[in-house]
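Structure at a glance
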Amino acid sequence: MGRGLGDPQPRRRRQVTATREEGRAVVLDAPGAARLVPHTPRPPGPGEALVHIHAAGICGSDRELYQGNRPAPYARYPVTPGHEWSGTVAGTGEGVPGGLVGRKVVGEGFRNCQVCERCHVGETTLCTAGYAETGFTEPGAMAPTLTLPARLLHPLPDDADLTAAALLEPTACVAAAALRARVRPGDRVAVVGDGTLGMLAARLLGLGSPAELLMVGARPERAELAAGFGATGYRHHQETEGLGDYDTVVEAAGAPGAARQAAGLLRRGGRLVLTGIPPAGAAELDPAALVLGQLRVETVFGAPPAAWAHAVRTFASGLLDPLPLVTHRLPLAEFEKAVALVADADPAVGKVLLHP
């Protein structure tokens, strides 16, 4: 297990002087305009930590950022992408517990203000100070190092696999969904979506001991992988007629029609948790069906600290191994190839990681 963070003199910390160039970072100057630039680590200021990046994951949001499809308030160019990452703390600024240096870590992406009402009740992804997130509006992890507020870090056990840990950001997002789903032993549960989020959701929902855990997806070739993540059955999304009466359904696809299909799998009074963001203007939920069925709808945008803690604790205890989801590991120089892989519908492509 990991070391403690105690320090007899936590405010007298060694600071890192980072002046020499160390490798290169990805920069998106504008949609479709990616380049590699020399990278110089930024020394951590008060309350900050400098992390050497081990791996950064590519997801659909990174593809949107590259293609220019992300809504304007949720992207700022130029930017270094990378909100899914793992690494090791190389240095800390003043006021940061010294036990963090040398620790393996992952980190939250939302740069919340900590003082607004939403932050005070733990809803940090709804911070009223405005949206700011690592890899979208703030420098991200597709670089040799990342400097960020130390309060966002989650330490890992010393023996943690950092390649697997790079998937803890999407795990935290589905952990938020799992906490809202409140699965009880014996429940009938379904997950719509067979991508990375769907697989991770199946693992976390399975910890609630459901009697049935169905995965609905578009790639039957992933049925075996779904079983490995706890699904008791797999059904193609075009072959769900006649299915229903599920207590809880988590939608993790974000594809047009996925939310409506997920709602159609529920029993009356069932719970629907939405994590995917469909294209603008997509016809989705029928309000009349929601009311007549007394369906309870929960939504997830990002991951608050409680969800991160749940994901990290599950990973650290050995109850979750996301490594089987990783299918490609590429150098940062192949960022555009990685984006193309994620955009491909090839069922053989899972999580794509970039290494500095």
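Presented here is an overview of the structure given in this document. (Residues numbered from 1 in each chain as written. Predicted model: local features only at pLDDT ≥ 70, side-chain atom pairs only at ≥ 80, totals over all residues. Heavy atoms only, no water.)

Let's shift gears to the sheet that holds strand 12 (residues 266-274). Taken together, six strands build an open sheet; the order of strands is 10-9-8-11-12-13 and the sheet is parallel. The sheet is open, and its two borders are formed by strand 10 (233-236) and strand 13 (296-299), each paired with just one other strand. Between one strand axis and the next, the sheet turns through 20 degrees on average, direction left out of account. Relative to strand 10, strand 9 (residues 212-217) runs parallel, the two being bridged by four bridges. Considered in strand 10, the bridge of Gly 217 is made with His 236. Contacting strand 11 (246-251), strand 12 and strand 13, helix 4 (residues 168-181) runs over the sheet at an angle of about 155 degrees to strand 12. (Pairing = 2+ DSSP bridges. Helix = DSSP H or I, 4+ residues; strand = E, 2+ residues; numbered from the N terminus. Axes fitted to C-alpha atoms, helices over the stretch in contact; angles between N-to-C directions. Contact = heavy atoms within 4.5 Å.)

To continue, consider helix 10 (residues 335-343). For helix 10, every residue scored as buried is listed here: Phe 335, Ala 338, Val 339, Leu 341 and Val 342. Here the buried residues of helix 10 occupy an arc of 160 degrees about the axis, which is enough to place them on one side. (Buried < 20%, exposed > 50% of the residue type's maximum accessible area, 1.4 Å probe, protein only. Arc of directions from axis to C-beta.)

Across the interface, helix 4 lies against helix 9 (residues 305-316) with an axial gap of 8 Å and an inter-helix angle of 110 degrees. Looking at the two axes, helix 4 sits roughly perpendicular to helix 9. As helix 4 packs across helix 9, the resulting crossing turns out to be right-handed. Residues Leu 168, Glu 169, Thr 171, Ala 172, Ala 175, Ala 176 and Leu 179 of helix 4 form the contact with helix 9, whose participating residues are Ala 306, Ala 307, Trp 308, His 310, Ala 311, Val 312 and Phe 315. Residues belonging to the contact of helix 4 with helix 9 are distributed by class as follows: 11 nonpolar, two polar and one charged. (Parallel < 35°, antiparallel > 145°, perpendicular 65-115°, else oblique. Left-handed = near helix turned anticlockwise from the far one by under 90°. Nonpolar A, V, L, I, M, F, W, Y, C, P; charged D, E, K, R; others polar.)

Tallied over the full model, the rule gives five aromatic pairs. Aromatic side chains Tyr 66 and Phe 335 sit 5.9 Å apart centroid to centroid with 80 degrees between the ring planes, which places their arrangement in the edge-to-face category. Of the two residues, Tyr 66 sits in helix 1 (residues 60-67) while Phe 335 sits in helix 10, which places them 269 residues apart along the sequence. Each member of the pair, Tyr 66 as well as Phe 335, carries the same accessibility label: buried. With a centroid separation of 4.7 Å and 65 degrees between ring planes, the pair formed by Tyr 74 and Tyr 131 is classed as edge-to-face. With Tyr 74 in the loop between helix 1 and strand 4 (84-92) and Tyr 131 in the loop between helix 2 (117-120) and strand 6 (145-149), this pair connects stretches of sequence that are 57 residues apart. Judged by relative accessible area, which is 17%, Tyr 131 ranks as buried. (Phe/Tyr/Trp six-rings, centres within 6.5 Å; stacked < 30°, edge-to-face > 60°.)

Right, let's talk about the nonpolar core for a bit. Core analysis: the largest hydrophobic core is formed by 46 residues, its most contacted members being Leu 156, Leu 168 and Leu 205. Secondary structure elements with two or more residues in this core: helix 3 (162-165), helix 4, strand 8 (188-192), helix 5 (196-206), strand 9 and helix 9. Per-element tally for this core: the top contributor is helix 4, with nine residues. When residues no more than four places from it in sequence are discounted, the contact partners of Leu 168 are Val 106, Leu 156, Trp 308, Ala 311, Val 312 and Phe 315. Core analysis: the next-biggest nonpolar cluster, separate from the first, contains 36 residues, Val 89, Phe 110, Leu 146 and Leu 354 among them. (Core = buried A, V, L, I, M, F, W, Y, C linked by side-chain atoms within 4.5 Å.)

Turning to a nonpolar patch on the surface, a few remarks are in order. Where nonpolar side chains cluster on the molecular surface, the patch consists of Tyr 74, Ile 277 and Phe 301 and spans about 280 Å² of accessible area. Judged by relative accessible area, Ile 277 falls into the exposed class, the value being 61%. (Patch = residues over 30% accessible without salt bridge, like charges linked within 9 Å, V, L, I, M, F, W, Y side chains within 5 Å. Areas by Shrake-Rupley, 256 points an atom, 1.4 Å probe, with all protein chains shown as cover. Salt bridge = Lys/Arg side-chain N within 4 Å of Asp/Glu carboxyl O.)

The next point concerns unusual backbone geometry. Each neighbour pair has its own omega, and for Tyr 77 with Pro 78 the value is -5 degrees, a cis peptide bond. Even without being glycine, Gln 114 reaches a positive phi, approximately 75 degrees. Of note, Gln 114 is situated in the loop between strand 5 (104-107) and helix 2. We classify Gln 114 as partly exposed; its relative accessible area is 43%. Of note, the phi angle at Asp 245 is positive, near 65 degrees, even though the residue is not glycine. Residue position: Asp 245 is located in the loop between strand 10 and strand 11. Taking relative accessible area as the criterion, Asp 245 reaches 54% and is therefore assigned exposed.

Let's shift gears to the pattern of salt bridges. Within this structure, the stated rule accounts for 16 salt bridges. Salt-bridge contacts for Arg 76 lead to Glu 138; the nearest nitrogen and oxygen are separated by 3.8 Å. You can see Arg 76 sitting in the loop between helix 1 and strand 4 and its partner Glu 138 sitting in the loop between helix 2 and strand 6, a full 62 residues away along the chain. Given the relative accessible area of 44%, Arg 76 is considered partly exposed. The partly exposed category is assigned to Glu 138, whose relative accessible area is 23%. A salt bridge links Glu 334 to Lys 337; the shortest N-O distance between them is 3.6 Å. The partly exposed category is assigned to Lys 337, whose relative accessible area is 46%.

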